[in-house]
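Below, each chain spelled out in residue letters.
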Amino acid sequence: MRILVVEDTQVLGQAICERLTSLGHGVDLMGDGKKADELLRYQSVDLILLDLNLPGLSGLQLLQKLRQRDDDTPVLILTARDQIEDRIRLLDAGADDYLTKPFDFGELEARCRALLRRKQGYAANVTEHGNIVVNRDSRQVFIEGELTAITNREFRLLEIFLGHLGRVLSKDEITDHLFNFNETPGPNAIELYVGRLRKKTAKGDLVISTLRGIGYVAEIARPSQS
């Protein structure tokens, strides 16, 4: 998924980005609150990791502006403040969750998974889609009970399709979810990834149809009725 990290401590921001990128997410780092706000006015992301003490615009101000625009992108606050009054203020301002610094990266990953799956409408990390079972915690896919070998990026592509079942996704939309700003995927990159995913899930009930000149639409095949 596409994640924006807004953190002005470069070492911490880079460490977060490297950790999430290794899981197959498209991750971007910004260290200025005002520039991040300008970006979010025209660029959508799936999750925002937001520090509070930022130059240009504070994390709280950025969050308030985001919600004033009716932008419901999940926001995970990264804060050194541990007073209950601060937590209440952040949640009331529209934050979805918070993590107190210093934090464990395993907990960070778990909170990110929780927010991303909620955005897709799933209550649990393990979900069933026809004969396909997806475990977002272990990043494993089972088809008819058998484990299917899949790369991190292919797994994220599968998540994108499962999160938008029945909706037409253009190549540009998929690229926006799958890659960060620093990556320059080739013109056929999405076709290649979709082709690989189709091949690996060929025995599954996920049907990814190509709409030439438009994009792709994914659906779960319904069992035929005799």
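See the structure printed just above.
Rules used throughout
- Residues numbered from 1 in each chain as written.
- Predicted model: local features only at pLDDT ≥ 70, side-chain atom pairs only at ≥ 80, totals over all residues.
- Heavy atoms only, no water.
- Core = buried A, V, L, I, M, F, W, Y, C linked by side-chain atoms within 4.5 Å.
- Buried < 20%, exposed > 50% of the residue type's maximum accessible area, 1.4 Å probe, protein only.
- Helix = DSSP H or I, 4+ residues; strand = E, 2+ residues; numbered from the N terminus.
- Domains from an automatic or database assignment.
- Contact = heavy atoms within 4.5 Å.
- Salt bridge = Lys/Arg side-chain N within 4 Å of Asp/Glu carboxyl O.
- Pairing = 2+ DSSP bridges.
- Axes fitted to C-alpha atoms, helices over the stretch in contact; angles between N-to-C directions.

Draft legend 1. Molecular detail of the nonpolar core. By size, the foremost hydrophobic cluster in this structure holds 42 residues, and its most contacted members are Leu49, Leu108 and Phe161. Sorting elements by how many residues they give to this core places helix H6 (residues 152-162) first, with six residues. Both domains that meet at this core, namely domain 1 (2-120) and domain 2 (126-220), each give it at least three residues. Excluding its chain neighbours within four sequence positions, the residues that come into contact with Leu49 are Ile3, Leu4, Val5, Val6, Ile16, Leu20, Leu76, Leu78, Leu108 and Cys112. Grouped together as the second largest cluster of nonpolar side chains are 21 residues, Val6, Val45, Leu62 and Leu90 included.

Draft legend 2. Fine view of the pattern of salt bridges. Under the defined criterion, the tally for this structure stands at 17 salt bridges. Of the charged contacts, one joins Asp28 and Arg2 as a salt bridge, the two residues approaching to 2.8 Å between their closest N and O atoms. Remark: Arg2 occurs in strand S1 (residues 2-6) and Asp28 occurs in strand S2 (residues 26-30); sequence separation between them is 26 residues. As far as burial versus exposure is concerned, Asp28 and Arg2 are alike and both buried. A salt bridge links Glu107 to Arg111, with the shortest nitrogen-to-oxygen separation between them at 2.8 Å. Here Arg111 and Glu107 lie together in helix H5 (residues 105-119), a separation of four residues that amounts to about one turn. With a relative accessible area of 33%, Glu107 lands in the partly exposed category. For Arg111, a relative accessible area of 24% corresponds to the partly exposed category. Here the salt bridges share partners, and the residues they tie into one network are Glu7, Asp51 and Lys101.

Draft legend 3. A look at the sheet that holds strand S9 (residues 146-148). Taking strand neighbours across the sheet as the criterion, the four strands line up as S6-S7-S8-S9 in an open arrangement whose pairing is antiparallel. Looking at strand neighbours, the two that pair on one side only are strand S6 (126-129) and S9, the edges of this open sheet. In this sheet, adjacent strand axes meet at a mean angle of 30° when their direction is disregarded. Pairing of strand S7 (residues 132-135) with strand S8 (residues 140-143), which is carried by four bridges, proceeds in the antiparallel orientation. Paired with Asn135 across the two strands is Gln140, which belongs to S8. The strands that H6 touches are S6, S7 and S8; relative to S7, the one it contacts most, it runs at about 115°.

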